[in-house]
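# Survey of secondary and tertiary structure
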Amino acid sequence: IEKNNVVFFEADFPRSYPRVKILSYIMANKFLHHLNRPERIEFLRWSVDALQPKGVLEILDTDLEHHILKQSKKSEFGDKLILGYRETLVEVEKDFLNTLKCDVVSAGFQITHFDSRDYYDETDAFSQKSGDNLALKFQGLEIMAEKPT
């Protein structure tokens, strides 16, 4: 389906900006937790530069992997994880949600909406064996931030 009001393009963060002049909206959907803090700060600065005045950055993310790493140190949890999964995770700071919120403001954005929620899930999505559920508690967040004029 072709849309006239949506344009997809490739951007090569951090090496170059998108090929369009200035963006009006950037969505960062569940990937900032894969970056260590200096890389996240670099992405936020890149985003504020790439957006036009009043442009919006929307962030949806969780600290799920922080809790998986923390719990994986206990054998009753870690021994159930998919082999090699723990090594793919990036260690994020304990207070990831508040740190991210502060970093968004420090990059030059004005936060227009912030919401966070606690989640609890039992899933075998990260387990070696189907049906071998792992209990996971984590936080999710949504940030809407605007580049000032």
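Residues numbered from 1 in each chain as written. Predicted model: local features only at pLDDT ≥ 70, side-chain atom pairs only at ≥ 80, totals over all residues. Heavy atoms only, no water.

### Thoughts on the nonpolar core
Quick reminder of the rule: Buried Ala, Val, Leu, Ile, Met, Phe, Trp, Tyr and Cys residues form a nonpolar core when they are joined through side-chain atoms within 4.5 Å. When accessible area is computed with a 1.4 Å probe and restricted to protein chains, residues below 20% of their type maximum are described as buried, those above 50% as exposed, and intermediate ones as partly exposed. Going along the chain from the N terminus, every DSSP run of H or I of four or more residues is numbered as a helix, and every run of E of two or more is numbered as a strand.
Ranked by internal contacts, the top residues of the largest apolar core, which has 23 residues, are Phe43, Ile59 and Leu100. Of all elements in the fold, only strand E1 (23-29), helix H1 (37-50), strand E2 (51-62), helix H4 (96-106) and strand E4 (134-146) reach the threshold of two or more residues within this core. Broken down by element, this core gets its largest block of residues, five residues, from H1. One finds Ile68, Leu69, Leu81 and Tyr85 within the second-largest nonpolar core, a separate group that totals 11 residues.

### Let's talk about the pairing of E1
For clarity, the threshold we go by: Pairing between two strands is assigned when DSSP locates at least 2 bridges connecting them. For the handedness criterion, the strands are oriented away from the viewer, and a crossover whose path from the first strand over the helix to the second runs clockwise is classed as right-handed.
With six bridges connecting them, E1 and E2 associate as parallel partners. The partner of methionine 27 across the bridge, within E2, is glutamate 58. A crossover connection joins E1 to the parallel E2 through H1; in handedness this β-α-β unit is right-handed.

### Notes on H4
For the record, the criterion: The arc in question is the one traced by the directions running from the helix axis out to the C-beta atoms.
Buried within H4 are the following residues: Phe96, Leu97, Thr99, Leu100, Asp103 and Val104. Down the axis of H4, the sector holding all buried residues measures 160°, keeping them to one side. Glycine 108 sits one or two residues past H4 and shows a positive phi near 115°.

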